Number of protein chains: 2
Amino acid sequence: MHVLVIGAAGMVGRKLVERLAAEEGLLGVGVSRLSLVDIVEPPVPAAFTEIATPMAMDLSAPGSAEKLAAARPDIVFHLAAIVSGEAEADFEKGYRVNLDGTRALFEAIRLEGQTEPYRPRVVFASSIAVFGAPFPDRIGDEFFATPLTSYGTQKAIAELLLSDYSRRGFFDGVGLRLPTICIRPGKPNKAASGFFSNILREPLAGQEAVLPVEEDVRHWFASPRAAVGFFIHAATLDLSRVGPRRNLTMPGLSALVGEQIAALKRVAGEKAVKLIRHEPDPTIRAIVAGWPTNFDARRAEGLGFAAENSFDDIIRIHIEDELGGAI
Amino acid sequence: MHVLVIGAAGMVGRKLVERLAAEEGLLGVGVSRLSLVDIVEPPVPAAFTEIATPMAMDLSAPGSAEKLAAARPDIVFHLAAIVSGEAEADFEKGYRVNLDGTRALFEAIRLEGQTEPYRPRVVFASSIAVFGAPFPDRIGDEFFATPLTSYGTQKAIAELLLSDYSRRGFFDGVGLRLPTICIRPGKPNKAASGFFSNILREPLAGQEAVLPVEEDVRHWFASPRAAVGFFIHAATLDLSRVGPRRNLTMPGLSALVGEQIAALKRVAGEKAVKLIRHEPDPTIRAIVAGWPTNFDARRAEGLGFAAENSFDDIIRIHIEDELGGAI
């Protein structure tokens, strides 16, 4: 089986490739060929050096998508995107990469199928940013998409294209609306959502972290491991069970910042909690207030997608996967 | 005030222009300049010969949208589209005209505003085709868009773009999801929805009409006059009352085919009803089964949009507007 990962240098993309390498036959059959694409050349796990082709490529550049489709991968994981903040700051770049790049990929697959039948599985990384406030207490599977960012708009449009191209039989697509991934490994970043990870990851490493909002802020989370699991599951899922509504809100954990901190205390003790410095930032508070806090992700759960049930688990996963199993 | 109507040769577009001509000052101030665009040259009402410029133009062709935006109309009515059946039959044409053409218009307005401030009102004709079965009994304002046609997909994408461009301040947009327009004037056509008008219009003119479905089929209607009213109202509406959710399901009348026929009998007598020939067509029945039947269009009603409350009214409007007031 030939697997293509677009966005393979990103955090979830790298973990997805590592998981494919670690667990042979994860997709039902072995991976015989792996194409790894990102704007910078993606890393290749040792297990895959024989079969992997890493490529530095801008999906939205002329010819890129056609080149990828011409190799006829059986499974396409499309995770590449300009992130929310940058898509808001640079309107044209966001639309070019997130909308035109994705549409170019879909079109290249459609046109590839016109010479000889071709209908790959396409698993697309969407986002809960397709939703915009005000929200009900729990957002159900039939709630409408009214994004309040250009990033969310681009994801919502890609979802519509994915459904239509699937309905027309050009490929077999499924879109996954990812929760906020927590705990993100790496350094603290300036994304408005960064603190959700920072306040756990940094204290676990003995470092201070800044909390810019109150502890009663609620949000929607899944671990990086759960996110990788979503993609693997979507790649092999029987899509006849999904029907024409191809975009699914992934399961997650709805939790207060205070619940994150209580879990940190249980797992790592009071000394870890003391490393969190409260520095209220009204700008971040205002941004976060527009984000969804809770979902009823019934459809995805019924289809076998699963996330964590407690922040203790999310923290333990971070310790296992990033800190060698101990703090 | 400079008004641009794109799709001015279509049924609703023509009626909109005629109404602007008939009722001076309908938009709060007089129309001083009128640009009329369609794929064929639109007709110009006698009252507007001095100020109107009719143009035959493909909005999706290079340079078209830029030319229209460069004239800086104050109000843009965008009604041009490839219809549902054709967009399904010709995938590339549908996307080129309905998506790329609309996006080109929005982009041209955005770029026009970069040289000198420019922020027109844009009123966009969307459709209830953005919804796809299965439906609740009444579709509420927060129900999600999962179109089951490429046409519906293109309209849903245009809605998302309209909201984002409005949010960013590039123009002041509002999208109107039109009910099925009934009674459509003119000849019977082969659109799957054609019979809803045919079974009233033809008997009112003493002609036979074919009914291809049972009388228990329910659908969602508004008259051409109501549709024109939606556009006029949207052009002058205080959009601060609308907020960021710019796409509105228009009010309409939910009615059974049997109720249409009962109204025909009340208005035109049993002899008119006898001209309806029942010829069940399983193909049309199946298509119609996927269409929405009823809405709770609360937001639009609260904003002052109004449609008919009975099919007797819809038939009387047809008699007044198309048949000179008598049958």
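Quick summary incoming for the structure in this document. (Residues numbered from 1 in each chain as written. Chains lettered and ligands numbered in written order. Predicted model: local features only at pLDDT ≥ 70, side-chain atom pairs only at ≥ 80, totals over all residues. Heavy atoms only, no water.)

Here's the deal with unusual backbone geometry
Next, step 1: Proline 134 of chain A follows alanine 133 of chain A through a cis peptide bond whose omega is 0°.
Next, step 2: Residue placement: proline 134 of chain A occurs in the loop between β5 (121-127) and α5 (150-167).
Next, step 3: Here the bond from cysteine 182 of chain B into isoleucine 183 of chain B is cis, since omega is 5°, no more than 30 degrees from zero.
Next, step 4: For isoleucine 183 of chain B, the location among the structural elements is in the loop between β7 (180-181) and α6 (194-204). (Helix = DSSP H or I, 4+ residues; strand = E, 2+ residues; numbered from the N terminus.)

A short note on the relation of the copies chain B and chain A
Next, step 1: For the pair chain B and chain A, the superposition axis carries a translation of 0.0 Å, the fit reaches an RMSD of 0.0 Å, and the rotation angle comes to 180°. Taken together, the turn and the small shift mark the pair as related by a two-fold rotation axis. By C-alpha distance to the rotation axis, the residue of chain B lying nearest is phenylalanine 144 of chain B, at 1.9 Å.
Next, step 2: A shared interface surface links the copies, since 100% of the contact residues of chain B are contact residues in chain A too. (Least-squares fit on C-alpha atoms with pLDDT ≥ 70 in both. Contact = heavy atoms within 4.5 Å.)

Let's talk about the pattern of salt bridges
Next, step 1: Counted under the stated rule, the structure contains 51 salt bridges over all chains.
Next, step 2: A salt bridge links aspartate 296 of chain A to arginine 298 of chain A; the nearest nitrogen and oxygen atoms lie 2.5 Å apart.
Next, step 3: A relative accessible area of 17% means that aspartate 296 of chain A is categorised as buried.
Next, step 4: Classification of arginine 298 of chain A by relative accessible area gives exposed; the value is 58%.
Next, step 5: The partner of aspartate 313 of chain A in a salt bridge is arginine 316 of chain A, with the nearest N and O atoms 3.1 Å apart. Of the two residues, aspartate 313 of chain A and arginine 316 of chain A both sit in helix α12 (residues 311-322), three residues apart, roughly one turn of that helix.
Next, step 6: Relative accessible area serves as the criterion here: at 31%, aspartate 313 of chain A is assigned to the partly exposed category.
Next, step 7: Each member of the salt-bridge network shares a partner with another, and the members are Glu88 of chain A together with Asp164, Arg167 and Arg168 of chain B. (Salt bridge = Lys/Arg side-chain N within 4 Å of Asp/Glu carboxyl O. Buried < 20%, exposed > 50% of the residue type's maximum accessible area, 1.4 Å probe, protein only.)

Comments concerning the interface of chain B and chain A
Next, step 1: Contacts between chain B and chain A engage 36 residues on the former and 36 residues on the latter.
Next, step 2: Taking both sides of the interface into account, the surface hidden between chain B and chain A amounts to around 3,000 Å²; carbon and sulfur atoms contribute 54%.
Next, step 3: Joining chain B to chain A, the criterion identifies eight salt bridges.
Next, step 4: Among the salt bridges present, the one from glutamate 88 of chain B reaches arginine 167 of chain A, with a minimum N-O distance of 2.8 Å.
Next, step 5: Put simply, chain B and chain A have 26 residue pairs in polar contact (both at pLDDT 80 or more) between them. (Buried area = accessible area lost by both parts, 1.4 Å probe. Polar contact = N/O pair within 3.5 Å; in protein donor to acceptor, adjacent residues only side chain to side chain.)

Brief notes about the sheet that holds strand β10 (residues 247-249) of chain A
Residues and elements named next belong to chain A.
Next, step 1: A sheet is described by the order of its strands in space; here seven strands give the open sequence β3-β2-β1-β4-β5-β6-β10, paired in parallel fashion. Lying at the two open borders of the sheet, with one neighbouring strand each, are β3 (52-56) and β10. Mean inter-strand twist for the sheet, computed between neighbouring axes without regard to direction, equals 15°.
Next, step 2: Where strand β6 (residues 172-178) and β10 come together, three bridges link them in parallel fashion. By the bridge assignment, leucine 176 is partnered in β10 with leucine 248.
Next, step 3: On the sheet, α5 packs against β5, β6 and β10 and is oriented at approximately 155° with respect to β5. (Pairing = 2+ DSSP bridges. Axes fitted to C-alpha atoms, helices over the stretch in contact; angles between N-to-C directions.)

As for the pairing of strand β2 (residues 33-38) of chain A
Residues and elements named next belong to chain A.
Next, step 1: A large share of β2 lies buried, amounting to five of its six residues.
Next, step 2: Bridging between strand β1 (residues 2-6) and β2 involves five bridges; their strand directions are parallel. Paired with leucine 4 across the strands is serine 35, a residue of β2.
Next, step 3: On the question of chirality, the crossover connecting β1 to the parallel β2 by way of helix α1 (residues 11-22) is right-handed.
Next, step 4: Bridge count for β2 against β3 is five bridges, and the pairing is parallel. Counted as the bridge partner of valine 37 is methionine 55 from β3. (Right-handed = clockwise from strand over helix to strand, strands pointing away.)

Concerning the sheet that holds strand β9 (residues 218-222) of chain B
All names here are of chain B.
Next, step 1: Pairing in this open sheet of three strands is mixed, and the strands run β7-β9-β11 from one edge to the other. Of all strands in the sheet, those bounded by a partner on one side alone are β7 and β11 (253-256).
Next, step 2: Relative to β11, β9 runs antiparallel, the two being bridged by four bridges. Paired with tryptophan 220 across the strands is serine 254, a residue of β11.

Section: the environment of arginine 177 of chain B
Residue and element names in this part refer to chain B.
Next, step 1: Among the structural elements, arginine 177 can be located in strand β6 (residues 172-178).
Next, step 2: The exposure class assigned to arginine 177 is buried, which follows from its relative accessible area of 9%.
Next, step 3: Spatially, the C-alpha atoms of arginine 177 and serine 126 are 4.5 Å apart, while their sequence positions differ by 51 residues.

Looking at the side chain of histidine 219 of chain B
All names here are of chain B.
Next, step 1: Within the element layout of this structure, histidine 219 appears in strand β9.
Next, step 2: Within the local environment of histidine 219, its side chain forms a polar contact with the backbone oxygen of proline 292, the two atoms lying 3.4 Å apart.
Next, step 3: The contacts of histidine 219, once residues within four sequence positions are left out, are Thr180, Phe196, Leu253, Ser254, Ala255, Trp291, Pro292 and Thr293.

With respect to the pairing of β9 of chain B
Residue and element names in this part refer to chain B.
Next, step 1: With four of five residues buried, β9 lies mostly within the body of the structure.
Next, step 2: Pairing geometry for β7 and β9, over two bridges, is parallel. Across the sheet, threonine 180 pairs through a bridge with phenylalanine 221, a residue of β9.

Structural notes on the environment of glutamine 154 of chain B
All names here are of chain B.
Next, step 1: Summarising the element assignment, glutamine 154 is placed in helix α5 (residues 150-167).
Next, step 2: Along the primary structure glutamine 154 and aspartate 100 are separated by 54 residues, whereas in three dimensions their C-alpha atoms are 9.2 Å apart.
Next, step 3: Looking at glutamine 154, its side chain comes within polar contact range of the side chain of asparagine 98, at 2.9 Å.

Brief notes about α6 of chain B
Residues and elements named next belong to chain B.
Next, step 1: Among the eleven residues in α6, eleven count as buried, and that is most of the element.
Next, step 2: For α6, the full list of buried residues reads Gly194, Phe195, Phe196, Ser197, Asn198, Ile199, Leu200, Arg201, Glu202, Pro203 and Leu204.
Next, step 3: Trailing α6 by a residue or two, glycine 206 shows a phi angle of about 80°, which is positive.

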